[in-house]
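# Understanding the architecture of this molecule
Spelled out, the chains give:
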Amino acid sequence: GLFSYLLLLGVGILGIAQYRNWLLLKVLSFAATCTIVFFAVDRGYAGSTDFWLVFPFLIAFFVLFSTMFFIHNIAFRVPSTLIEIVMLLANAGIFYAAGHYLIANAFPSIWVSLLTLGLGAFYAVHVSVFVARRLQDRPLITAFIGLSALFLVLTIPLLLSSEWITVSWACEAWVLLWMAGRLDSAFLRQTSYLVYLLVFGRLFFLDLPHQFDSHVDTAALPLSRYGLDLLERLVMFGVPILSVAGAHRLLRCAGATPGRTAIGAANNVRSLMRENAALRLFMTCFVVALFVYLHLELNRAFGMIYPPFRLTMLTWLWLAAAWVALAGCTSGSEGSLWRRMLLLTLLAAVFVKLIAVDLAFWSFDPEHMLCGGTYDSVTALMRLLDFGAVAALLAYGFCYLRAATGAGNTQAATDNATANATASRDDARLASVMGYAGLALVFVYTTLELNTFLNAYVPGLRAGALSVLWSLFALTFVLAGILRGVTPLRYVGLVLFAITAAKVFLSDFARLDPVYRIVAFIALGLLLLAGSFVYLRFRIRFQTPGKVERP
């Protein structure tokens, strides 16, 4: 009886509010009704038996006051003020808190999701009515959109288990972004950005650490169980990643003319993020999320299936990311500079991984420049695939950037384009870095592998064989530096010849057996003679006046 009387009074005030915008009357009515209802429930509510008596009245009060605070503005086309918006939010918040309390005390907590889902749908209906009737009230429709999105976001954790919250939020964020395009609503678009922020926050700080817990013994995990877990992770992480890719596609098509469902410029808000910035951000998030997930998944998969190949597979993954960055370095676009920086960062990370992780895994001994443990063909093959893949990418990058530099120079000379000339110089520098890094990597790998092999099978020849190998490298560097006109490479070869000669006279004499010493010295002498012949035979190439060698 008490609640019926309060509802009757509220309906009367609603009728007055349609014609008179008496804010004080509406605020006092709302405050008094809330106070009486709360005291009545606190003193007379008899638990779950009174739920179906009280909760319908709470719904009626909520709908009543929600309508009361904007009905006059709609009827007379008057824009809403801050007071109406605040009271609208207060009404939604108080009803949600009271409804959550009553439902949670009468039913399992999962049923609270019906309350949030109903509130989201309630405010979504308001938005659709606004669009259909072409009403103009920016603060009010912004509040409706925000409340609808908020309650839909709150529904997912209440309805689903923790493993599927991120997936559902990702789907919801994409739907919000799609609706933003259909409604041409900047506020709804920014709301979807916030939901995507929640998605990535939960993905990186909760889901990934939980699913790829380092304390889990994957070696004892049955393969069938791993397959089921893999399918679950593909959905858990694949859906958010694909959602970001879909968001990027939606934003690229955002320039299309909105349909008849657009809310109109009068109801729109100023966009806080430009679409170009959002496009780059979404693409970055997509690449980072995909890379991190693949890194963790491949690390676990090959750790179970074939552990010797695990580190090599991860190197290939890093190189694939570097290859993608390399493909955009010569585009001449605004993002090419960032791609160059990303490429250098990835290459530096690969080198750090080779030195700090891979070599440590192979028991690298820096004092003797060899890998410890038993030498076997499988481990040697893994090192070849590991170092060889990095060297192959560096060689490809050198050739690719050199070719792009030639095309850029031609275009710059033809069009007198300063920007293209600058990009060509940057490509040339980057090509030089990749070329020298590749040569250094091949030199270190062959030294390490030959030293390890000879230490296992022919220990007495180890020192002399290294001197021969270094002389071969020195001869190659000198010959390539002369023929291609690359001064630094020629100097590197000469310095390496000097280092090899010093190593022979200061170290190899004492360490080599007599037979191996004779063989090594004969080979080394032949290489030194070949180097001298090459240097004298082609000296005209770098002694000609006016001849400019390439850097």
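Residues numbered from 1 in each chain as written. Predicted model: local features only at pLDDT ≥ 70, side-chain atom pairs only at ≥ 80, totals over all residues. Heavy atoms only, no water.

What follows covers the overall build of the protein. The number of helices and strands found in the protein is 19 helices and 2 strands. A total of 551 residues make up the protein; the buried ones form 42% of that total. Sequence-distant contacts, at least 24 apart, represent 75% of the contacts inside the protein between residues at least 6 apart. Of the roughly 28900 Å² that the protein leaves accessible, carbon and sulfur atoms contribute 70%. (Helix = DSSP H or I, 4+ residues; strand = E, 2+ residues; numbered from the N terminus. Buried < 20%, exposed > 50% of the residue type's maximum accessible area, 1.4 Å probe, protein only. Contact = heavy atoms within 4.5 Å. Areas by Shrake-Rupley, 256 points an atom, 1.4 Å probe, with all protein chains shown as cover.)

A few words on the nonpolar core. Phe55, Leu58, Tyr123, Leu140, Phe144 and Phe282 are the most contacted members of the largest nonpolar core, which totals 80 residues. Residues within four places of Tyr123 in sequence aside, it is in contact with Phe62, Ser66, Leu88, Ala92, Phe144, Leu147, Ser148 and Phe151. With 30 residues, the next largest nonpolar core counts Leu359, Ala391, Leu393 and Leu394 among its residues. (Core = buried A, V, L, I, M, F, W, Y, C linked by side-chain atoms within 4.5 Å.)

Moving on to the pattern of salt bridges. Once their charged atoms are close, side chains differing in charge can pair, the charge on each being opposite to the other. Summed over all chains, the structure comprises 4 salt bridges. Of the charged contacts in the structure, one is a salt bridge between Lys353 and Asp358, with a shortest N-O distance of 2.9 Å. With respect to class, Lys353 is no different from Asp358; both count as buried. (Salt bridge = Lys/Arg side-chain N within 4 Å of Asp/Glu carboxyl O.)

This part takes up the environment of Tyr45. Relative to the assigned elements, Tyr45 resides in the loop between α2 (23–44) and α3 (51–68). You can call Tyr45 partly exposed: its relative accessible area is 21%.

A few words now on empty space enclosed by the protein. If a probe the size of a water molecule is rolled over the atoms, the empty space left behind becomes visible. Counted by the stated rule, this structure contains 2 cavities of 30 Å³ or more. Approximately 150 Å³ is the volume attributed to the largest cavity. Cys34, Leu58, Phe61, Ile94 and Phe95 are, among the 13 residues lining the largest cavity, the residues nearest its centre. Those elements that provide at least two residues to the lining of the largest cavity are α2, α3 and α5 (82–106). With 5 residues, the top contributor of residues to the lining of the largest cavity is α2. In terms of residue class, the lining of the largest cavity is built from 11 nonpolar, 2 polar and no charged. Its volume calculated, the second largest cavity comes out at about 50 Å³. For the second largest cavity, the full set of lining residues is Asn73, Ile74, Arg77, Val78, Phe130, Leu135, Gln136 and Asp137. Partitioning the lining of the second largest cavity into residue classes produces 4 nonpolar, 2 polar and 2 charged. (1 Å grid on protein atoms, 1.4 Å probe; cavity = no way out; pocket = protein on both sides within 12 Å on 5 of 7 lines; lining within 4 Å. Points joined across faces, edges and corners; volume = space filled by probe spheres on them. Nonpolar A, V, L, I, M, F, W, Y, C, P; charged D, E, K, R; others polar.)

Further remarks concern the packing of aromatic side chains. The tally for this structure, following the rule as stated, stands at 36 aromatic pairs. Aromatic pair Phe130 and Phe144: ring centres 5.7 Å apart, planes at 80 degrees, arrangement edge-to-face. One end of the pair, Phe130, is in helix α6 (residues 112–133); the other, Phe144, is in helix α7 (residues 138–159), and 14 residues separate them in sequence. Seen in terms of ring centroids, Phe443 and Phe473 are 5.2 Å apart; in terms of plane orientation they differ by 85 degrees. Their pairing is edge-to-face. Residue Phe443 is located in helix α15 (residues 418–457), and its partner Phe473 is located in helix α16 (residues 462–483); the two are separated by 30 residues in the primary sequence. Phe473 gets classed as buried once you look at its relative accessible area, which sits at 14%. (Phe/Tyr/Trp six-rings, centres within 6.5 Å; stacked < 30°, edge-to-face > 60°.)

Looking now at the packing of helix α8 (residues 165–183) against helix α9 (residues 186–211). Where α8 contacts α9, the axes come no closer than 8 Å and their chain directions differ by 165 degrees. It follows from the interaxial angle that α8 and α9 lie roughly antiparallel. α9 is crossed by α8, and the crossing has left-handed handedness. The segment α8 lies against α9, with Ile165, Thr166, Trp169, Ala170, Ala173, Trp174, Leu176, Leu177, Met179, Ala180, Gly181 and Leu183 engaging Leu188, Arg189, Thr191, Ser192, Tyr193, Val195, Tyr196, Leu198, Val199, Arg202, Leu203 and Asp207. Grouping the amino acids of the contact of α8 with α9 by side-chain chemistry returns 17 nonpolar, 4 polar and 3 charged. (Axes fitted to C-alpha atoms, helices over the stretch in contact; angles between N-to-C directions. Parallel < 35°, antiparallel > 145°, perpendicular 65-115°, else oblique. Left-handed = near helix turned anticlockwise from the far one by under 90°.)

Okay, the environment of Trp178 next. With respect to the element layout, Trp178 can be found in helix α8. On the accessibility criterion, Trp178 (42% relative accessible area) is partly exposed.

Before going further, it helps to examine a nonpolar patch on the surface. Together, Trp52, Phe107, Ile110, Trp111, Leu114, Leu117, Leu159, Leu160, Trp164 and Val235 give the surface a local cluster of nonpolar side chains, amounting to about 940 Å² of exposed area. Its place among the elements puts Trp52 in helix α3. (Patch = residues over 30% accessible without salt bridge, like charges linked within 9 Å, V, L, I, M, F, W, Y side chains within 5 Å.)

Even without being a glycine, Arg77 presents a positive backbone phi close to 55 degrees. Residues other than glycine seldom take positive phi values, yet Ser363 does so here, at roughly 55 degrees. Take Ser363: its relative accessible area is 43%, and that puts it in the partly exposed class.

A word on the confidence of the model for the protein. Averaged over every residue, the pLDDT of the protein is 82; the share at 70 or more is 85%. In this model residues 410–417 is a low-confidence stretch, pLDDT under 50, and it forms 4 contacts with partners more than four residues away in sequence or in other chains. Here residues 545–551 scores under 50 on pLDDT; set against residues more than four positions off or in separate chains, the count is 15 contacts. (pLDDT = per-residue confidence, 0-100.)

Note on placement: Gly15 falls in helix α1 (residues 2–19). Taking C-alpha positions, Gly15 is 9.7 Å from His72, a pair spaced 57 residues apart along the chain.

It is worth spelling out α6 at this point. A turn of α-helix holds 3.6 residues, and therefore any two residues three or four places apart point the same way. In this model, α6 (22 residues) spans 32 Å end to end at C-alpha, consistent with the 32 Å of a helix rising 1.5 Å per residue. The complete set of buried residues in α6 reads Val112, Ser113, Leu115, Thr116, Leu119, Gly120, Phe122, Tyr123, His126, Val127, Phe130 and Val131. Residues of α6 that are buried sit in contact with α3, α4 (71–75), α5, α7 and α8. Just past α6, the residue Arg134 takes up positive phi, approximately 55 degrees. (Expected span 1.5 Å × (residues − 1).)

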